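Overview (structure and organization)
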Amino acid sequence: MTRATHRSAEEIGRTELGPRPLPPLGEPRTGVPPVGVDTVLPNGLRVIAARHGQVPMVEMRLRIPFAGDDALHPATAEVLAETLLTGTERRDRVKMDTDLAAVGGDLHAVVDPERLSIAGDALASGLDTLLDVLADALTGATYANDEINAERARLVERIGVARSQPRVIAREELQRHRYGDHPYVREVPQAEDVAQVTPEEVRALHRSHVLPRGSVLVLVGDIDPDVVIGEVERALAGWNSSESAHELPALPLVSGGDVRLVHRPGAVQSQLRFSAQALARTDERYPALQVANLVFGGYFSSRLVENIREDKGYTYGAHSSFEFTKGNGTLLVDADTASEVTAAALLETRYELARLALVPPSETEVESARQYAIGGLLTSTASQAGLASTLSALAAAGLDQNWLTAHPERLRDVTVEQVAEAAKLFAPTSFTGVVVGDADKLADQLRLLGGVELP
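Per an unreviewed UniProt entry, the recorded name for the chain is Pitrilysin family protein, and the organism is Saccharopolyspora mangrovi.

In terms of nonpolar packing, the biggest core is built from 61 residues, with Phe274, Leu391, Phe426 and Phe431 touching the most fellow members. For phenylalanine 274, the residues in contact, after removing those within four places along its chain, are Val259, Leu331, Leu332, Val333, Leu346, Thr349, Phe431, Thr432, Gly433, Val434 and Val435. Counting 54 residues, the second largest nonpolar core, distinct from the first, contains Ala77, Leu80, Leu85 and Ile159.

Within the fold, threonine 390 resides in helix α14 (residues 384–396). When the C-alpha atoms of threonine 390 and glutamate 157 are compared, they prove to be 32 Å apart, with 233 residues separating the residues in sequence. Excluding its chain neighbours within four sequence positions, the residues that come into contact with threonine 390 are Thr381 and Leu404.

Structurally, aspartate 258 can be placed in the loop between α9 (225–235) and β9 (259–263). For aspartate 258, a relative accessible area of 45% gives the class partly exposed. As a C-alpha pair, aspartate 258 and proline 360 span 102 residues in sequence and 25 Å in three-dimensional space. Setting aside residues no more than four positions away along its own chain, aspartate 258 makes contact with His177, Thr432, Gly433, Gly451, Val452 and Glu453.

This paragraph deals with the UniProt feature "domain: Peptidase M16 C-terminal" (unreviewed entry) in the chain. Per the UniProt entry, the sites bearing "domain: Peptidase M16 C-terminal" (unreviewed entry) are residues 197–371 in this numbering. For residues 197–371, the end-to-end C-alpha separation is 49 Å, with 40% helix and 22% strand making up the annotated structure.

To continue, consider the UniProt feature "domain: Peptidase M16 N-terminal" (unreviewed entry) in the chain. In this structure's numbering, the residues bearing the UniProt feature "domain: Peptidase M16 N-terminal" (unreviewed entry) are residues 80–186. Secondary structure content for residues 80–186 is 56% helix and 14% strand, and the end C-alpha separation is 16 Å.

So, about the sheet that holds strand β12 (residues 328–338). Judged by pairing direction, the sheet is mixed, and its 6 strands sit side by side in the order β11-β12-β10-β13-β9-β14 without closing on themselves. At either end of the open sheet lies a strand with only one pairing partner, and these are β11 (318–325) and β14 (452–453). Alignment of β9 against strand β13 (residues 432–437), held across 5 bridges, turns out to be parallel. Each bridged residue has a counterpart across the sheet, and for valine 259 the counterpart in β13 is glycine 433. Lying over the sheet, helix α10 (residues 286–298) contacts β11 and β12, oriented at roughly 150 degrees with respect to β11. Contacting β9, β10 (269–277), β12, β13 and β14, helix α12 (residues 342–358) runs over the sheet at an angle of about 20 degrees to β10.

Where β11 and β12 come together, 8 bridges link them in antiparallel fashion. Across the sheet, residue glutamate 323 finds its bridge partner in β12, namely threonine 330. Linking two consecutive strands that pair antiparallel, namely β11 and β12, is a turn of 2 residues; a positive phi of about 75 degrees is found at glycine 327 within it.

Calculation rules
Numbers given to residues run from 1 along each chain, matching the order in which its sequence is written. Predicted model: local features are reported for residues with pLDDT of at least 70 only, side-chain atom pairs are reported and counted for 80 or more only, and whole-chain, interface and lining totals are derived from all residues. To obtain the side-chain values, all non-hydrogen atoms of the structure were used and water was disregarded. Each nonpolar core is a collection of buried residues, namely Ala, Val, Leu, Ile, Met, Phe, Trp, Tyr and Cys, held together in the definition by side-chain atoms within 4.5 Å. Partly exposed describes any residue whose relative accessible area lies between the buried limit of under 20% and the exposed limit of over 50%, with all areas from a 1.4 Å probe on protein chains only and scaled to the type maximum. Residues are treated as being in contact if the distance between any of their heavy atoms lies within 4.5 Å. Numbering of helices and strands starts at the N terminus; helices are DSSP runs of H or I of at least 4 residues and strands are runs of E of at least 2. UniProt positions are given in the numbering used here, feature names are shortened, and annotations may be inferred rather than shown by experiment. One bridge is not enough; two strands pair if DSSP finds at least two bridges between them. Axis definition: a line fit to C-alpha positions, over the contact stretch in the case of helices; interaxial angles, taken between N-to-C directions, run 0 to 180 degrees.

In structure tokens form, the structure reads like this:
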């Protein structure tokens, strides 16, 4: 009997003649475009239906632009989303759930400053039931007093908990720092505002904002797209209005500037949140910027992760990503650190931003990021749910299935020189942001570092 000895990863990767050669990366697969229909119904609703996959299911995504200027709009909208599916003139809550369960279905609604989203799924054979329940909610939701009261109380409790979370505090502070009093800032309503919402106000908001014209419905699954369009038109025939859904006002451009320190007494960790103006998905330079972002901090093999996580251990996770609204895109960088290394993490983040702008990504870095981007896109749209969500997001940007199908080829065509040009958008002077932490612990170090607005 012999016992296997432990070998480290480095020992496994080497031989007497040197490191084991890595096999070359294979050619990424080409995405298969879904068979679909994209049309606008007489009531102004855009419907995208695509046949995808062999699973006998259908995924549904309804996006209704849902912006509002009133200070109490976020609170009323949150209560509406929680109670939209709790009963109609034809079905109470139990009946809605029972009808959906009979076809293996589900529906749920969420809201943010930009949109009301209703998502669901069902067996493909039960699509008619899914559409019927959806239409019932859109045209006949009653918002019963007892349902409003119960959900409002639960919301107040949940919002109170959420508003104590460091990540929520940091997000709200970043939004306010970037956009001032723009409606986009009001992502989490105040608990006291939610407590004042009445059933009458929720019903009025439904009448004024739950509108088909300008909204987008996406259906993906084991369906015949041409047949489905007719089914949708019949099911939603009663959902009509001459008004259009309420689009979010255009966001102001993000300007670079000092980072603002937000005092959170007693905090042992700090939240670093930075942002810069980027490009919309429709911009021809976007594929190059997408690759540049991956090289900087968009995946685990990025420069930022290698520096402040793997090398220096300042954080468990550092990320950079895009945030898109209609016609606009911004860059976001985030990391959470212990208070004692906050200033050092900020310094290294600025260093990596400057290094990307001044020391362009190498051919190896670009190729790795390119492969990751193409593979991630193909993987994320391989499922019915993933494709439905992606098509819904693209529709909001004015893009369609053709853009999605062609994007892997755009990524393959990106050159190292184009990525280097796009990387200039990562210049530290383009960024602003917030650091949320205990100012009593952080102020002296951040003052020495400079470029930080102290409380």
